[in-house]
Structure formats: structure tokens, C-alpha cells
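For reference, the chains in residue letters:
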Amino acid sequence: MTRSLTAVLLLSAALGFGAQDPEALLRTGQRWLDAGNARAAVQTFRRLADAVPDSRSHYYLGVALLQDGQPEEAAWALRRAEALAETPNPALALSLGTALLRTGASPEAIEVLTEGAKRFPRAAPILVQLGYTHYTRLEGELARAALLRAREVAPENRLAPFYLGLTEAALGELESATAAFRAAVQLDPGNPEAWVALGRTLSQLGRPDEARGAYDAALAAAPGSPAALVGLGRLELEAGRAEGAVVSFEAALAADPGHRQALYNLAAALSLLGRTEEASAVRRRFAEAAAAGDDPGRSLSRTRSKGRPRR
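All residue numbers here refer to positions counted from 1 along the written sequence of the relevant chain. In view of the model being predicted, local features appear only for residues whose pLDDT reaches at least 70, and side-chain atom pairs are presented and counted only at 80 or more, with totals across whole chains, interfaces and linings using the full set of residues. To get the side-chain values, all heavy atoms of the structure are used, and hydrogens and water are removed first.

Asks: Give me the lowdown on the side chain of T98, citing residues and values where you can.
Replies: Counting from the N terminus, the helices are the DSSP runs of H or I reaching at least four residues and the strands are the DSSP runs of E reaching at least two. Tracing the chain through its elements places T98 in helix α6 (residues 90-102). Other than its neighbours up to four places away in sequence, T98 contacts L66 and Q129. Throughout, a residue-residue contact means that at least one pair of heavy atoms, one from each residue, lies within 4.5 Å.

Okay, structure coming up:
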């Protein structure tokens, strides 16, 4: 069945006879989430919450709003679900903490996730999100403790070692960070961000050959990855091979013309080669990219969806 036909059938089910039946609405909304259509899921779960304003309907509405990029409304719906819940629920605590973090309310997110971790001490996703939230607040020791606990209760969790590596690197513990990133790529070899992070720590530790291998693995997982190409270019610069560095930085910019790290380093490489006019032009591009906003090359990794949460 094609995606378009699936969408037509789902829409027909939502509008047709029996669509007001709560279980039918729930199933339709869940299928919209599975199909990746968060906007349609929001509309369906709003109808469900109107028909049956209980904890379950508000929970699913909050999940759909979160996936639809509406964290403020998601937090409201999830708070409502929390107030109506008869018993604490780990999926609800995780979703509410995530929504609060995305609204910028990190202290409230910490409060919700910490309470969730106390009530559900073996809920690794809560511990991972708690650790990540501490990391974003520059609370390294607290982040480390939560992420080590997550690894203890769920050694197979793919995100825990990755965020632990970021935390250890931020704390200046590069050997520990390297070990964590190695664990991350073993669990998830297709994660280019983990390979790039491993390459960076290996480079900082003065192990360029191993770093190059990590960057090559990142490119195998995500061909054209600007972050990996910038990493390779920096290795070329550090080895005194400015021409090779220029090739890597220009390849990174072909994939992302506004990549600030690539622009900054390309200007440096061109200057080393005596190509001053070209270097000046690249510096102007760097200034324009810096004025435009956040650098995608420096953004923190986002937790990736592993499927629809269930209650």
C-alpha cells in the first residue's frame, strides 16, 4: 500500500462513521504518528481529548504536539495528563521533561525528570534525558552520574554513551570521552555524530591516524557530512598539508555553504597558501554566516526518535 493511499484511508476513517468512537480515534491518531504525520495526529488527538478528556488522550495529544514542533502546547497537554493520571507513568514523565526542555524551561525539566528517575529508577530513557538536560546546563558531574546510571541499567541504550562522551569531553576527560564514544559507535555504527565526536577527541589526544579512521567512518555512514570533512581538513592543516585541507573544507561547504567552521578553517588554509584575496572573501562569508545565527557545526546533537511512545 502506498503512503498516499494510506493517508487517504486514514483520513476517510477519521471522517467517516464511527470516528467519534474513542478507541477508533486513538487508533487513527497512532497510525498518523506511525506514518510520520504529526499534524494529522494532533488534529485527531484533539478530537479524542474533547470526547474523552482523560490522562491518556492528553498524553497522546502532548506526544503529537511535541513531534509537531509545538513544545509549549505539548507541555500544557502533558501537564494536564499528569494531573489526571491515577498513577505515575514513565512515558509521561519523559515526554513532559522533553517538552519542558524544548521550551527552554530546563529547571522545570530537571524537576520532572529527577522525580521520574526516583519513581522509575530503571527507566533508562528518563535517565538519559536527565543527563542530557544537565549537560545542556553545564552541570557536568550531575550529567555524568545520570548517564552512568543509564548505562548500568540499560547497557544496550545507544544514546547514553554518546551523551556521556560529550559530558566527559566537556569536563576535560578526553580518555574517558574516547571510551564512551567508542561504546557509542559499537552500539550504533551508523551514527555519524558519534564517529565525528570520536574523531575530535582522538585528534585532541594527538592520535591523527585513529581520528582519520573515525572521520572516514562518519563519511561512510553519512556521505558528504560537513562535520567529518571539517575534521579531516583540520587534520590536514595540523600535518602542514594546506592544499589537502582546502579540498576538505571546500567539500564541506559544497554540502553546507554556511558552515562556519568550514569557512573559518578554509580562510586559514588559504592564508597559509598565500591566497590572500580568496582568504579575505571567505572571511567575509564567515562574518555573514556568523551574523545569520547558530552554527550547525557546533549545535548539540538532538535525541533521535526511536518510535512512538506507548503507555
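Asks: Quick one: what's the story with the pattern of salt bridges, residue by residue and with numbers?
Replies: For salt bridges, the criterion is a side-chain nitrogen of Lys or Arg within 4 Å of an Asp or Glu carboxyl oxygen. Scanning the entire structure with this criterion turns up 16 salt bridges. In this structure, the salt-bridge partner of E141 is R144, at a minimum N-O distance of 3.1 Å. Separated by 3 residues within a single helix, E141 and R144 lie in helix α9 (residues 140-153), roughly one turn from each other. One salt-bridge network, in which partners are shared between bridges, spans E175, R182, R207 and E210.

Asks: Tell me about the packing of aromatic side chains, residues and numbers included.
Replies: To pair, rings of Phe, Tyr and Trp, with the six-membered ring standing in for Trp, must have centres within 6.5 Å; the planes then decide the type, stacked if under 30 degrees apart, edge-to-face if over 60, and tilted in the middle. Evaluation of the coordinates by the stated rule reveals 7 aromatic pairs. Pairing Y132 with Y135 gives two aromatic rings, centres 6.5 Å apart and planes at 40°, and the pair type is tilted. Of this pair, Y132 and Y135 both sit in helix α8 (residues 124-136), 3 residues apart, roughly one helical turn. Judged by centre distance (5.5 Å) and plane angle (45°), the ring pair of F162 and Y163 falls under tilted. Residues F162 and Y163 agree in their burial class; the two are buried. We call a residue buried when its accessible area falls under 20% of the maximum for its residue type, exposed when it is over 50%, and partly exposed in between, using a 1.4 Å probe and counting protein chains only.

Asks: I'd like to hear about unusual backbone geometry, residue by residue, with values.
Replies: Within the chain, L138 stands out as a residue other than glycine whose phi angle is a positive 60°. Residue placement: L138 occurs in the loop between α8 and α9.

Asks: Could you give me a rundown of helix α14 (residues 226-238), with the residues and numbers involved?
Replies: Because each turn of an α-helix spans 3.6 residues, side chains separated by three or four positions in sequence point in the same direction. An expected span of 1.5 Å times one less than the residue number is assigned to each helix. Compared with an ideal rise of 1.5 Å per residue, which puts 13 residues at 18 Å, α14 spans 18 Å between its outermost C-alpha atoms and is within 8% of the ideal. Residues of α14 that are buried: A228, L229, V230, G231, L232, G233, L235 and E236. Residues of α14 that are buried make contact with α12 (192-204), α13 (208-221), α15 (242-255) and α16 (260-272). Count one or two residues on from α14 and you reach G240, which has phi positive near 80°.

Function-wise, these values are silent; they only describe arrangement.
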